[in-house]
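Descriptive structure summary
Chain by chain, the residues run as shown.
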Amino acid sequence: KRVEQPFSPIHLHICAFQRQAACGASIGDKHTRKKMSDYAKRLKQEVQQDLAPREVPIVTSVTLDGIALMKILSHAKEATPSNPVTGGLLGLDEKHVLQVTNCFPFPNRDIGEDEDGADYQMDMMRLLREVNVDNNTVGWYQTAFMGSFISESLIETQFSYQENLTNSVCIIFDPMRSACGDLSIRAFRLTDSFMALYKSGEFTLSKIQELNVKHSDIFTELPIRISNPCLTRALIAELAAGEDPRFEADGLKVNTSKYVERTLGNLCDAMDEYEGETRKFRQWAHNTQKQQARQTQYLEERKAKDAIRKQQGLEPLPEEDTSLNPIFKPVPEPKRLDSLLLTGQMDLYCQQIDRLAGEGLGKTLMHDSLLRNE
């Protein structure tokens, strides 16, 4: 007994045209037969092209719905500098735009509960699917205080996301910066060059130079656009219509001095850590040079002994397996990943200080100008 396989509607459409072409052949209409047969062939070629695997376009921007943003802000209230909160992003990617339509928080878990965390995420996505909410994972979010978020754990998590979901992003929200009156929410992706470096697992200086990876090549930042449904925009417009249109000088207050001061402190701490990593690398280079000098001296002494034995008419020294000699064992090179991440973090600190100082200077000059006009 032959089992009938299901066909797609397009495939049935092609078969119908082929049958009509055959009917045209039976009645002898050459023009109709040729026209319908050519159309069926062309339609079949188009279907084959549509079914062929295509390269997924890489997203270049992120559209964040207001409801997802409010959920992130609400969850961030539970965050502390030593215990950031994380969550999953849901939505879909359309061409080069990643649309984040919803999100849900991850539970605070201890070490060793990775399996329970994965089960929780699967259960949440199943429940969201049952109530017709977007349940396609498009990335994750995390809180970061004072812009300090570049770490090996974040790199590992984002690498895992991008390995499985090409267009996934990591959204970083800074509650402390946002408390100063400036919403600080940014979207990042790992670059292709850093993905190749992390996948190789070799964080040596030679490998970094081979792939030409710099601290600015760790992340690429994507622009974020906040969007709201039509009803929400109408409500915002209605609420804004009742406000007093007179100018208020509260927006000219410079309230970022404490934030700049703490950012400078974090920058100094990062520089101290980078100095420690540099000291490790200098020590490794010094030990490598000493080892090479001992190896050269050992080989010259052995060569001199062979020359003396040759003059005495004796047989040369037997060949030695240098791998068993401790002075020929290579000195392990320290990982340069920490130095690379610290350099990227210091660059972010400098960008924050530059931006905050520029905003504060602009507000001060505008305030002085308004006072002179009065």
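Procedures and definitions
Residues numbered from 1 in each chain as written. Predicted model: local features only at pLDDT ≥ 70, side-chain atom pairs only at ≥ 80, totals over all residues. Heavy atoms only, no water. Axes fitted to C-alpha atoms, helices over the stretch in contact; angles between N-to-C directions. Helix = DSSP H or I, 4+ residues; strand = E, 2+ residues; numbered from the N terminus. Parallel < 35°, antiparallel > 145°, perpendicular 65-115°, else oblique. Contact = heavy atoms within 4.5 Å. Nonpolar A, V, L, I, M, F, W, Y, C, P; charged D, E, K, R; others polar. pLDDT = per-residue confidence, 0-100. Phe/Tyr/Trp six-rings, centres within 6.5 Å; stacked < 30°, edge-to-face > 60°. Lys NZ or Arg CZ within 6 Å of the ring centre and 35° of its normal. Buried < 20%, exposed > 50% of the residue type's maximum accessible area, 1.4 Å probe, protein only. Pairing = 2+ DSSP bridges. Salt bridge = Lys/Arg side-chain N within 4 Å of Asp/Glu carboxyl O. Lys, Arg positive; Asp, Glu negative; His and termini not counted. Core = buried A, V, L, I, M, F, W, Y, C linked by side-chain atoms within 4.5 Å. Arc of directions from axis to C-beta.

The next point concerns the packing of helix α5 (residues 152-164) against helix α7 (residues 192-200). At a closest axis distance of 11 Å, the pairing of α5 and α7 adopts a crossing angle of 105°. One way to sum up the angle between α5 and α7 is to call them roughly perpendicular. Contacts between α5 and α7 pair Glu152, Ile155, Glu156, Phe159, Gln162 and Glu163 from the former with Phe194, Met195, Tyr198 and Lys199 from the latter. Residue composition of the contact of α5 with α7, grouped by class: five nonpolar, one polar and four charged.

Turning next to the confidence of the model for the protein. One rule of thumb: low pLDDT means the predicted coordinates there are not for detailed reading. In this model, the protein carries an average pLDDT of 78, and 77% of its residues clear a pLDDT of 70 or more. Averaged pLDDT values for the elements of the protein fall to 48 in helix α1 (residues 9-27) and rise to 94 in strand β5 (residues 169-173). Counted against residues more than four places away or in other chains, residues 1-14, with its pLDDT under 50, gives seven contacts.

In this section: the packing of aromatic side chains. With the rule as written, the count across this model stands at 10 aromatic pairs. Measuring from ring centre to ring centre gives 5.6 Å for Phe188 and Phe219, while their planes differ by 65°; the resulting arrangement is edge-to-face. Within this pair, whereas Phe188 is found in strand β6 (residues 185-190), its partner Phe219 is found in strand β7 (residues 219-222), the two being separated by 31 residues in sequence. The rings of Phe159, Phe194, Tyr198 and Phe203 are connected pair by pair, giving a single aromatic cluster. In this arrangement the basic side chain of Arg336 is found over the ring face of Phe281, its NZ or CZ atom lying 4.2 Å from the centre.

Among the six residues of β6, six are classified as buried, and the element is accordingly described as predominantly covered. With burial as the criterion, each face of β6 is covered, one bearing Ile185, Ala187 and Arg189 and the other bearing Arg186, Phe188 and Leu190. Where β5 meets β6, four bridges bridge the pair, whose relative direction is antiparallel. The residue bridging Cys170 from the neighbouring strand is Phe188, located in β6.

All right, on to the sheet that holds strand β2 (residues 86-94) then. Spatially, the eight strands line up as an open sheet ordered β7-β6-β5-β4-β2-β3-β1-β8, and their pairing is mixed. Edge strands, defined here as strands with exactly one partner in the open sheet, are β7 and β8 (224-227). Sheet twist, expressed as the mean angle between neighbouring strand axes with direction ignored, is 35°.

What follows concerns the pattern of salt bridges. Using the criterion set out here, one finds eight salt bridges in the structure. A salt bridge links Asp123 to Arg126; the shortest N-O distance between them is 4.0 Å. Within this pair, Asp123 and its partner Arg126 are both found in helix α4 (residues 114-130), separated by three residues, close to a single helical turn. Residue class for Arg126 comes out partly exposed when judged on its relative accessible area of 35%. For Glu210, the salt bridge goes to Lys207, with nearest N and O atoms at 3.9 Å. Here Glu210 pairs with Lys207, and both are found in helix α8 (residues 205-211), just three residues apart, close to one helical turn. Classification of Lys207 as buried rests on a relative accessible area of 16%. Taken together, the shared-partner salt bridges connect Asp123, Arg126 and Glu130 into one network.

Moving on to unusual backbone geometry. In this model, Lys95 sits at a positive phi of 55°, which is unusual for a non-glycine residue. On the secondary structure map, Lys95 appears in the loop between β2 and β3 (97-105). Residue class for Lys95 comes out exposed when judged on its relative accessible area of 66%.

Another aspect to go through is the side chain of Arg336. Checked against the element boundaries, Arg336 lands in the loop between α10 (257-311) and α11 (337-373). Although Arg336 is buried, it forms no salt bridge, and the closest oppositely charged side chain is Glu333 at an N-O distance of 5.7 Å. When neighbours within four sequence positions are excluded, Arg336 is seen to be in contact with Phe203, Thr204, Leu205, Ile208, Glu277 and Phe281.

Counting 30 residues, the largest nonpolar core has Phe149, Ile155, Leu190, Phe194, Ile218 and Phe219 as the members making the most contacts within it. Elements supplying a minimum of two residues to this core: α4, α5, β5, β6, α7 and α11. Those residues within four positions of Phe194 in sequence are excluded, and the remaining contacts are Ile155, Val213, Asp217, Ile218, Leu337 and Leu340. Cys103, Val138, Ile171 and Ala187 belong to the second-largest nonpolar core, a separate cluster that totals 19 residues.

Attention now moves to α7. When α7 is considered as a whole, its buried residues turn out to be Phe194, Met195, Leu197 and Tyr198. Axial view of α7: buried residues confined to an arc of 165°, hence all on one face. In α7, the exposed positions angled more than 90 degrees off the buried face are occupied by Asp192 and Lys199. Where α7 terminates, the next one or two residues include Gly201, which has phi positive at roughly 75°.

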